[in-house]
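# Reading the structure
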Amino acid sequence: MPSTETPLLTSLRSPRVVAARRLAKRNQRTKERRFLAEGPQAVREAVAFGRLPDSADHAVVEVYVTPEAAERHAGIVEEALAEGLPVLTATDEVIADICDTVTPQGIVALCRFIDTPFAEVLRARPKLVAVLAHVRDPGNAGTVLRTADAAGADAVVLTDASVDLYNPKAVRASVGSLFHLPVAVGVPIEEAVAQLRAAGVRVLAADGAGERDLDQELDEGTLGAPGAWVFGNEAWGLPEETRALADEVVRVPIHGHAESLNLATAAAVCLYASARAQRSPGGCRANA
């Protein structure tokens, strides 16, 4: 256990603290290829992630924790120490200075980038993929990533027009799912669709203006094959040129009086529909 009597990080001017605080900016994250994972769930999953593929480096560089949080989350601290990771105690003030949240939970991990090259995603022959095209809200991106993880998706792709995967709000909204499944970033939407299709994956654009609806897809059994869902911007959906790339444009039927569904809800409905169809008799995961 780290010392709970004399915190190692007490000064906001400490080089470690200053370096961590700079990661609030995207250009600094990109330059250093590092980001912060806040809160016990994210830190637990970051530690459990282990070493980066084909590397001796662990995904976690070091962990910062207040004395009180070290006692409350002793299991996480013990696991980090067992992995040989530095665990540094810090004051509440230091943790608050590092964190993006208004009320930090007292534990933060400094992590290396863990995204997966798109070519590796394709080599794994994915059966269910969520593609975020033009998604700008980090909270929505993280929530869709968490939903994809829960639905058993094989990967998530963030296009070059979407928000930064390592934005603190996106990381926090993923609630640790960022560390569970491959995520490819910076892929042009045209490339993503073309290569997924070449890999035998049917590409569906989720859009309220779709000529087909999700019920038709389910009734006709077409969702049982390997598929990728493309989700668009929160405010204006998918542009026409992106819809034109897909094999089908599919809308979620609105049976009540709501005008529409928000991005995260629509993504959950679509991904779970595919997940169920793929596990049904005749689906691509039926015998898995």
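In case you missed it, the structure is sitting above this.
Quick look at the structure, then. (Residues numbered from 1 in each chain as written. Predicted model: local features only at pLDDT ≥ 70, side-chain atom pairs only at ≥ 80, totals over all residues. Heavy atoms only, no water.)

## Structural notes on the overall build of the chain
Regarding its fold elements, the chain presents 13 helices and 11 strands. Relative to the globule expectation of 19 Å for 288 residues, the C-alpha radius of gyration of the chain, 21 Å, shows essentially globular dimensions. Its C-alpha atoms give the chain principal-axis dimensions of about 65 × 40 × 35 Å. Within the chain, the proportion of its 288 residues that are buried is 51%. Contacts in the chain between residues far apart in sequence, at least 24 positions, make up 82% of those at least 6 positions apart. With the model as given, the accessible surface of the chain reaches about 13400 Å², and the carbon-plus-sulfur share is 48%. One way to put it: in the chain the 29 positive side-chain charges average out to a point 4 Å from where the 38 negative ones average out. (Helix = DSSP H or I, 4+ residues; strand = E, 2+ residues; numbered from the N terminus. Rg over C-alpha atoms; globule rule 2.2 N^0.38 Å. Buried < 20%, exposed > 50% of the residue type's maximum accessible area, 1.4 Å probe, protein only. Contact = heavy atoms within 4.5 Å. Areas by Shrake-Rupley, 256 points an atom, 1.4 Å probe, with all protein chains shown as cover. Lys, Arg positive; Asp, Glu negative; His and termini not counted. Charge placed at Lys NZ, Arg CZ, Asp CG, Glu CD.)

## Considerations on the sheet that holds strand S11 (residues 248-251)
One open sheet accounts for 7 strands, arranged S7-S6-S5-S10-S8-S11-S9; its pairing is parallel. Two strands in the sheet have a free side with no partner beyond their single neighbour: strand S7 (183-187) and strand S9 (212-213). Where strand S6 (residues 155-159) and S7 come together, 4 bridges link them in parallel fashion. Bridge pairing links valine 157 to alanine 184 in S7. (Pairing = 2+ DSSP bridges.)

## Section: the packing of aromatic side chains
Within the structure shown, the criterion is met by 6 aromatic pairs. Measuring from centroid to centroid gives 6.3 Å for phenylalanine 49 and phenylalanine 179, while their planes differ by 70°, and the two rings are edge-to-face. With phenylalanine 49 in helix H3 (residues 40-49) and phenylalanine 179 in the loop between helix H9 (168-174) and S7, the pair connects residues that are 130 residues apart, well separated along the chain. The exposure class of phenylalanine 179 is buried, given its relative accessible area of 7%. Residues tryptophan 229 and phenylalanine 231 carry aromatic rings whose centres are separated by 6.4 Å and whose planes lie at 15° to one another, so their mutual orientation is stacked. Just as tryptophan 229 is buried, phenylalanine 231 falls in that class too. (Phe/Tyr/Trp six-rings, centres within 6.5 Å; stacked < 30°, edge-to-face > 60°.)

## Brief notes about the sheet that holds strand S2 (residues 60-65)
Judged by pairing direction, the sheet is mixed, and its 4 strands sit side by side in the order S1-S4-S2-S3 without closing on themselves. Where the open sheet ends on each side, the last strands, each with one partner, are strand S1 (34-38) and strand S3 (87-89). Across the sheet, the axes of successive neighbouring strands diverge by a mean angle of 20°, strand direction being ignored. Sheet topology note: the S1/strand S4 (residues 107-112) ladder contains 5 bridges and is antiparallel. Its bridge partner lying in S4, arginine 34 is registered against arginine 112. In this fold H3 packs onto S1, S2 and S4, with an angle of close to 40° to the strand it touches most, S4. (Axes fitted to C-alpha atoms, helices over the stretch in contact; angles between N-to-C directions.)

## Examining the pattern of salt bridges
If you walk through the whole model with that rule in mind, you get 15 salt bridges. Across the pair aspartate 97 and arginine 21 runs a salt bridge, and its minimum N-O distance is 2.1 Å. Here aspartate 97 is found in helix H6 (residues 92-98), whereas its partner arginine 21 is found in helix H1 (residues 15-22), with 76 residues between them in sequence. Among the charged side chains, a network of salt bridges with common partners joins Arg202, Arg212, Glu217 and Glu220. (Salt bridge = Lys/Arg side-chain N within 4 Å of Asp/Glu carboxyl O.)

## Details of the nonpolar core
Nonpolar side chains in soluble globular proteins tend to be buried together. By size, the foremost hydrophobic cluster in this structure holds 58 residues, and its most contacted members are Phe35, Trp229 and Phe231. No other element matches the 7 residues that helix H13 (residues 263-279) contributes to this core. Look past the residues within four positions of tryptophan 229 in its chain and what remains in contact with it is Leu128, Val129, Ala130, Val131, Leu204, Ala206, Leu214, Leu223, Val250, Cys270, Leu271 and Ser274. One finds Val121, Val157, Ala184 and Val230 within the second-largest nonpolar core, a separate group that totals 22 residues. (Core = buried A, V, L, I, M, F, W, Y, C linked by side-chain atoms within 4.5 Å.)

## Let's talk about a nonpolar patch on the surface
Residues Ile254, Leu261 and Val269 make up a contiguous nonpolar surface patch of about 200 Å² in total accessible area. Among the structural elements, valine 269 can be located in helix H13. On the basis of relative accessible area, valine 269 is assigned to the partly exposed category, the value being 33%. (Patch = residues over 30% accessible without salt bridge, like charges linked within 9 Å, V, L, I, M, F, W, Y side chains within 5 Å.)

So yeah, pure geometry; function would need other evidence.
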